[in-house]
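Topology and contacts: notes
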Amino acid sequence: MKIERVDLQRIKIPLTAPFVTSMGLETHKECILVRAYSGPYVGFGESVAMDVPVYNEEDVDTVWYMLEKYLIPQLFTREIEHPDDVSRLFSWMRRNNMAKAALEGAIWDLYAKMNGISLSQALGGTRTQIDVGVSIGIEPTIGKLLERVDGFIRDGYKKIKVKIKPGADVEPMRAIRQKFGPDVPLMADANSAYTLNDIGLLKELDEFGLIMIEQPLAHDDIIDHATLQRELKTPICLDESIHTVEDARKAIELGSCRIINIKIGRVGGLTEAKKVHDLCQAHNVPVWCGGMQEVGIGRAHNIAIASLSNFTIPGDTSPSHRYFATDVVSPMIDFAAPGVLDVPTAPGIGMVINEDVVRDALIEHKSYFANRESTTTVIPNF
Ligand SMILES: O=C(O)CCC(=O)c1ccccc1C(=O)O
Ligand SMILES: [Mg+2]
């Protein structure tokens, strides 16, 4: 396929409730939507970079910059046979994985649509439905946290993940176990808020029978995590530390974790995500699909990758309404049954874009053409 045109759309949508983690407070979702055109077909991608580089080194502006300066022009120079070619084409560039993934995702969607198959099928997915959990931010009080947990359990979420940080860790977990009992599938995500000096405290969490603790130590570490995993009963799951299938291989070899969270953006796209999945499967390491509070397009990509067979733990891909009053896909993504999402069967991501929502949320729009000048629109009065 020859890519003739790519559009970037920067959008901003309010969250229905503020989201607090050890990295900071979020009130809005700002991101870039990507459209890739070939003949009558359009493929959709979404950049998951946050508006501030607190999770990784990228932000919305760096993604736009890398796409415009390098990745889109490079894509225009080649005929693409298969989406796997795209990650090879981009492999010369160090990191900037979320920028690469946003464009590569649009090409995967385009490829699936051209072949009349779903994105899940194109990736080799086998599930028709996926189980999902919910990620809960750090709430102002334990009472508020318990209220939220109660609501999400009633909604049928299959896994309850709670953000923790020093000072908001053992007590909230104890309160949840006391109120809801030992059978609630519970886990904690620290987003790198601890060091090995906190080993005593992290061991205290063992008594709560958590399914896992996600990324307790530094965002770039796999050595200390291996030390910690030897001391903990609770499985460690790595998120921030895994950017490539090679990172995953090393972490597994060192014993740095027993579970891996796969985020398409963090590993540079669906091709690499599938490689991490396959490697983990070969080593009996279960995986699950993480989230970056995606709008509907990114959520659809997450559902497709989560349909692969080694995604045996419920992911963070909750329905759209968990974060947004409106979404860029129509209908909004929702449960097929409590805690369960259908994997779309229509071609590509299998979702219809709600252009009214995109228009209302639009900050900037730029179109790039393989054989003519680009055109920019900055939407005024935003
Ligand atoms: O519900 C979601 O999309 C996942 C929310 C979440 O936990 C998260 C959100 C933004 C950045 C990092 C993370 C994380 O998984 O660490
Ligand atoms: Mg995480």
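Residues numbered from 1 in each chain as written. Chains lettered and ligands numbered in written order. Predicted model: local features only at pLDDT ≥ 70, side-chain atom pairs only at ≥ 80, totals over all residues. Heavy atoms only, no water.

Re the pairing of strand E1 (residues 5-21)
Taken together, the 13 bridges between E1 and strand E2 (residues 24-38) define a ladder with antiparallel strand orientation. Paired with Val-20 across the bridge in E2 is Leu-25. Between E1 and the antiparallel strand that follows it, E2, lie two residues. The sheet contact formed by E1 and strand E15 (residues 362-369) spans seven bridges and is antiparallel. Counterpart to Gln-9 in the pairing with E15 is His-365. (Pairing = 2+ DSSP bridges. Helix = DSSP H or I, 4+ residues; strand = E, 2+ residues; numbered from the N terminus.)

Things to note about the domain arrangement of the chain
By domain assignment, the chain separates into domain 1 (5-116 + 353-378) and domain 2 (121-349). For domain 1 and domain 2, the distance between their C-alpha centres works out to 23 Å. Counting from both sides, the interface comprises 41 residues of domain 1 and, opposite them, 46 residues of domain 2. Note on domain 1 versus domain 2: buried area summed over both sides is about 3500 Å², and carbon and sulfur give 65% of it. Among the residues domain 1 hides against domain 2, the three largest losses belong to Phe-19, Tyr-55 and Trp-108. Together they make up 19% of the total. One can count zero salt bridges joining domain 1 with domain 2. At the surface where domain 1 touches domain 2, the tally comes to 20 residue pairs in polar contact (both at pLDDT 80 or more). Of all the secondary-structure elements, those providing two or more residues to the side of domain 1 that touches domain 2 are E1, E2, strand E3 (41-47), helix H2 (84-89), helix H3 (97-114) and helix H12 (355-361). (Domains from an automatic or database assignment. Contact = heavy atoms within 4.5 Å. Buried area = accessible area lost by both parts, 1.4 Å probe. Salt bridge = Lys/Arg side-chain N within 4 Å of Asp/Glu carboxyl O. Polar contact = N/O pair within 3.5 Å; in protein donor to acceptor, adjacent residues only side chain to side chain.)

What to know about the UniProt feature "domain: Mandelate racemase/muconate lactonizing enzyme C-terminal" (unreviewed entry) in the chain
The positions that UniProt labels "domain: Mandelate racemase/muconate lactonizing enzyme C-terminal" (unreviewed entry) are, in the present scheme, residues 142-235. Annotation note: span residues 142-235, helix share 43%, strand share 11%, distance between end C-alpha atoms 25 Å. (UniProt positions renumbered as here; feature names shortened; annotations may be inferred.)

Remarks on the state of the cysteines
Covalently bonding the sulfur atom of one cysteine to the sulfur atom of another cysteine gives a disulfide. Under the definition given, this model contains zero disulfides. Just so you know, Cys-31 is unpaired, no disulfide at all, and the nearest cysteine sulfur is the one on Cys-289, 16 Å from it. Residue Cys-289 stays outside any disulfide, its sulfur separated by 11 Å from that of Cys-237, the closest cysteine. Classification of Cys-289 as buried rests on a relative accessible area of 2%. (Disulfide = S-S within 2.5 Å. Buried < 20%, exposed > 50% of the residue type's maximum accessible area, 1.4 Å probe, protein only.)

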